[in-house]
Amino acid sequence: MSRANHLLRIEGDWDAEVNGGLLCVVGRFEPLYDDRQRLTQPLVRRNGTLQPASWDEALDLVAEHLRGAINDNLAALITTRTTNETMTQFRKLFRALGVKKLAAVGRLPLMMGEEGKLADLNEADFILLLGADLTKDHQVVGAFVRRAVDRGARLALVADEDNGLAPYAAWHVGFDGLGEMVRIGGQASRPVVVCGAGLPEKVKAALAPLTGKAAFIGLAQGANSRGAVAAGLPLGEEKDTNGAKVIYVLAEDDTLDISRDGTEFVVAQASYKGPLTERADVVLPAPILSLIHI
């Protein structure tokens with residue numbers, strides 16, 4: 001809801017099939033209190049400082065440096081907080097320029113068996129959660145888990161560190177106790193496994209006994225990491241630009257940042273000023289069309 005071109009409130013779509021209208025803190029509240037300075041015109045670095053420039057001047061400078069960089073000297077990075085269409089065109093453009101260091105920032109979870117849905121948590125009698133703190137990330141999934149526990153489901157939390165859902169867990173063990181949690185889950189009628197991103201491959205073998213019985217819900221790192229894969233973009237991290245002489249970063253409203261070690265020229269396409277734009281040689285304003293990770 002907005003008034004006089006000011007955002008007043010964000011509400012979920014209660015008829016939405018995926019999340020039933022639930023929004024995370026980031027999606028519902030942070031846009032109301034975002035005090036970052038909006039970028040509305042191109043900036044070019046002159047004499048060590050970023051100064052306003054025309055679109056023609058900024059784009060000519062970008063084109064000049066992109067033409068001068070070949071093979072491993074050019075890297076392109078894009079946020080996954082953007083649309084499938086944007087990522088598809090981004091890949092096509094930089095593949096046509098011969099860019100080898102091309103990545104979208106994000107990671108997919110370790111997945112196996114039949115992929116589950118959030119609705120599966122409504123019927124679960126046992127939930128095995130590993131590799132994520134759902135009070136910090138994927139808060140909508142955390143709300144579904146807490147609802148399930150309130151209805152009588154038992155939560156097995158596998159984490160070697162503190163976790164915000166520990167008070168809701170019937171078991172809280174380290175990864176050395178994963179095998180026992182899998183055994184208990186195998187005795188449940190409707191088990192659900194919730195996996196975060198970045199889990200080691202050995203976890204897959206430990207979860208194998210639940211394949212075919214449990215629904216597996218994978219939590220990707222990055223709002224639209226699955227969209228990036230569908231668009232043909234490899235997933236990576238900011239460090240994947242290391243060694244490139246020229247770097248193009250499409251960040252939109254994300255807080256991506258890169259190191260300038262060994263880099264001669266950085267282009268930042270972003271919605272707001274921040275650490276990334278302060279290190280850039282050319283800054284191009286970006287529309288706010290990002291996705292919110294639920």
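Residues numbered from 1 in each chain as written. Predicted model: local features only at pLDDT ≥ 70, side-chain atom pairs only at ≥ 80, totals over all residues. Heavy atoms only, no water.

A. Summary view of the packing of aromatic side chains. Counted according to the given criterion, the structure contains 4 aromatic pairs. Between Phe 94 and Tyr 248, the ring centres sit 5.2 Å apart and the planes meet at 50 degrees, which makes this aromatic pair tilted. Placement of Phe 94 in helix H3 (residues 84-96) and of Tyr 248 in strand E13 (residues 246-252) is noted, with a sequence separation of 154 residues between them. Here the two residues Phe 94 and Tyr 248 agree in accessibility, since each one is buried. Of the aromatic side chains, those joined through ring pairs into one cluster are Phe 90, Phe 94 and Tyr 248. Taking NZ or CZ as reference, Arg 38 lies 5.9 Å from the ring centre of Tyr 272, over its face. A cation over a ring is seen here: Arg 147 above Phe 144, with NZ or CZ 5.6 Å from the ring centre. (Phe/Tyr/Trp six-rings, centres within 6.5 Å; stacked < 30°, edge-to-face > 60°. Helix = DSSP H or I, 4+ residues; strand = E, 2+ residues; numbered from the N terminus. Buried < 20%, exposed > 50% of the residue type's maximum accessible area, 1.4 Å probe, protein only. Lys NZ or Arg CZ within 6 Å of the ring centre and 35° of its normal.)

B. A look at helix H2 (residues 55-68). End to end, H2 covers 20 Å across 14 residues, agreeing with the expected 20 Å (1.5 Å per residue, within 8%). Buried residues in H2 make contact with strand E3 (43-46), strand E5 (74-79), E13, strand E14 (265-270) and strand E15 (282-285). (Expected span 1.5 Å × (residues − 1). Contact = heavy atoms within 4.5 Å.)

C. Broad picture of the pattern of salt bridges. Tallied over the entire structure, the rule returns 6 salt bridges. One salt bridge connects Arg 279 with Asp 257, and the closest N-O pair in it is separated by 2.6 Å. Of the two residues, Arg 279 sits in the loop between helix H9 (275-278) and E15 while Asp 257 sits in the loop between E13 and E14, which places them 22 residues apart along the sequence. Classification of Arg 279 by relative accessible area gives partly exposed; the value is 35%. (Salt bridge = Lys/Arg side-chain N within 4 Å of Asp/Glu carboxyl O.)

D. Spatial organisation of the pairing of strand E11 (residues 215-218). Judged by which residues are buried, E11 turns out to be covered on both faces: Ala 215 and Ile 217 on one side and Phe 216 and Gly 218 on the other are all buried. Pairing geometry for strand E10 (residues 191-195) and E11, over 4 bridges, is parallel. Within the sheet, the bridge partner assigned to Cys 195 lies in E11 and is Gly 218. After leaving E10, the chain enters helix H7 (residues 202-207) and then returns to the sheet as E11, a path that is right-handed. (Pairing = 2+ DSSP bridges. Right-handed = clockwise from strand over helix to strand, strands pointing away.)

E. Structural view of the sheet that holds E3. Strand order in the open sheet made by the 8 strands is E4-E3-E15-E14-E13-E5-E6-E12, with mixed pairing throughout. Every interior strand has two partners, whereas the edge strands, strand E4 (49-52) and strand E12 (235-236), have only one. In this structure, E3 lies alongside E15, joined through 2 bridges in antiparallel fashion. Of the residues in E15, the one forming a bridge with Leu 43 is Val 283. Of the strands in this sheet, E3, E5, E13, E14 and E15 are in contact with H2, which crosses E15 at around 125 degrees. With respect to the sheet, H3 is in contact with E5, strand E6 (101-105) and E13, its orientation differing from that of E5 by roughly 180 degrees. (Axes fitted to C-alpha atoms, helices over the stretch in contact; angles between N-to-C directions.)

F. Fine view of unusual backbone geometry. The backbone of Asn 47 shows a phi angle near 55 degrees, a positive value even though the residue is not glycine. The topology assignment puts Asn 47 in the loop between E3 and E4. A relative accessible area of 83% means that Asn 47 is categorised as exposed. Located in the positive-phi region is Glu 252, a residue other than glycine, with phi close to 45 degrees.

G. Structural detail: the pairing of E14. The buried fraction of E14 amounts to 6 of the 6 residues, a majority that puts the element mostly inside the structure. On E14, burial covers both faces: Phe 265, Val 267 and Gln 269 on one face and Val 266, Ala 268 and Ala 270 on the other are all buried. With 6 bridges connecting them, E13 and E14 associate as parallel partners. Paired with Leu 250 across the two strands is Gln 269, which belongs to E14. Of the pairings in the sheet, the one linking E14 to E15 comprises 4 bridges and is parallel in character. Paired with Ala 268 across the bridge in E15 is Val 283.

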